[in-house]
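# Coordinates in review
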Amino acid sequence: VLFVAGFGSSMLFGTFVGGMADSCGRKKFAIFFTIIYALSCVTKHFKDFGVLMLGRLLGGIATSLLFSVFDSWLIKSHNDAGLSSYLSK
C-alpha cells in the first residue's frame, strides 16, 4: 500500500505541478522540492502507518517536482542566456 501510494501521488501531482511551477516560479518550486523531500526522508524513521503514508505522499510530490521543475528551469536559464543556438547544433 505504501509503495503504491508514492506512485499514485506522483501520478496525481505530476499532471499539474509543472504548470504551477511555470506560473509561480521554478526557483521557488525547486526550494519547495528540497523541503518536501527532506520531510519525506524524516518520516521514514517512524513506525506509525499514518506518518509513513504521509511520507510516501510527500515523496511522490517530490518526485514530480524533481522530474519537471529542474529541467525546465535549466532550459529557461539557458535560453535567457542566449545559448539556445548551441543546442540545435
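Okay, so let's go over this structure.

Basis of the calculations
Residues numbered from 1 in each chain as written. Predicted model: local features only at pLDDT ≥ 70, side-chain atom pairs only at ≥ 80, totals over all residues. Heavy atoms only, no water. Helix = DSSP H or I, 4+ residues; strand = E, 2+ residues; numbered from the N terminus. Rg over C-alpha atoms; globule rule 2.2 N^0.38 Å. Buried < 20%, exposed > 50% of the residue type's maximum accessible area, 1.4 Å probe, protein only. Contact = heavy atoms within 4.5 Å. Phe/Tyr/Trp six-rings, centres within 6.5 Å; stacked < 30°, edge-to-face > 60°. Axes fitted to C-alpha atoms, helices over the stretch in contact; angles between N-to-C directions. Left-handed = near helix turned anticlockwise from the far one by under 90°. Core = buried A, V, L, I, M, F, W, Y, C linked by side-chain atoms within 4.5 Å. Salt bridge = Lys/Arg side-chain N within 4 Å of Asp/Glu carboxyl O. Expected span 1.5 Å × (residues − 1).

### Some thoughts on the overall build of the protein
Along the protein, the regular secondary structure elements total six helices and zero strands. Mapped in sequence order, the helices and strands of the protein form the string α-α-α-α-α-α. Against the 2.2 N^0.38 benchmark of 12 Å for 89 residues, the protein shows a C-alpha radius of gyration of 16 Å, more extended than a compact globule. Expressed as a percentage of its 89 residues, the buried residues of the protein come to 26%. A sequence separation of at least 24 residues applies to 76% of the contacts in the protein between residues at least 6 apart.

### Some points on the packing of aromatic side chains
For the coordinates displayed, the defined rule picks out five aromatic pairs. Taking the centre distance of 5.8 Å and the plane angle of 20° together, the rings of Phe 33 and Tyr 37 count as stacked. Of this pair, Phe 33 and Tyr 37 both sit in helix 3 (residues 26-43), four residues apart, roughly one helical turn. What makes Phe 33 buried here is its relative accessible area of 13%.

### Focus: the packing of helix 3 against helix 5 (residues 69-80)
Axis separation between helix 3 and helix 5 bottoms out at 9 Å; the angle between their running directions is 145°. The two elements helix 3 and helix 5 meet at a crossing, and its hand is left-handed. Residues Arg 26, Lys 27, Phe 29, Ala 30 and Phe 33 of helix 3 form the contact with helix 5, whose own contacting residues are Val 69, Phe 70, Ser 72, Trp 73 and Lys 76.

### Re the nonpolar core
Of all hydrophobic cores here, the largest spans eleven residues; its members are Val 17, Ala 21, Phe 29, Ala 30, Phe 33, Ile 36, Leu 58, Ile 61, Ala 62, Leu 65 and Val 69. Contributing elements (two or more residues each) for this core: helix 2 (17-24), helix 3 and helix 4 (49-66). Not counting residues within four places of it along the chain, the set of residues in contact with Ala 62 comprises Phe 33, Ile 36 and Tyr 37.

### A word on the pattern of salt bridges
Inspection of every chain in the model, using the stated rule, returns one salt bridge. Between Arg 26 and Asp 22 there is a salt bridge, with the nearest N and O atoms lying 2.8 Å from each other.

### A closer look at helix 3
In this model helix 3 runs 26 Å from its N-terminal to its C-terminal C-alpha over 18 residues, within 8% of the 26 Å that 1.5 Å per residue would give. Looking at the buried side of helix 3, the elements it contacts are helix 2, helix 4 and helix 5.

### Observations regarding the environment of Gly 55
If you trace the backbone, Gly 55 turns up in helix 4. Residue Gly 55 is classed as buried on the basis of its relative accessible area of 2%. A sequence separation of 18 residues divides Gly 55 from Tyr 37, and the C-alpha atoms of the two residues are 8.8 Å apart. Each residue touching Gly 55, except ones within four places of it in the same chain, is listed here: Ser 40 and Thr 43.

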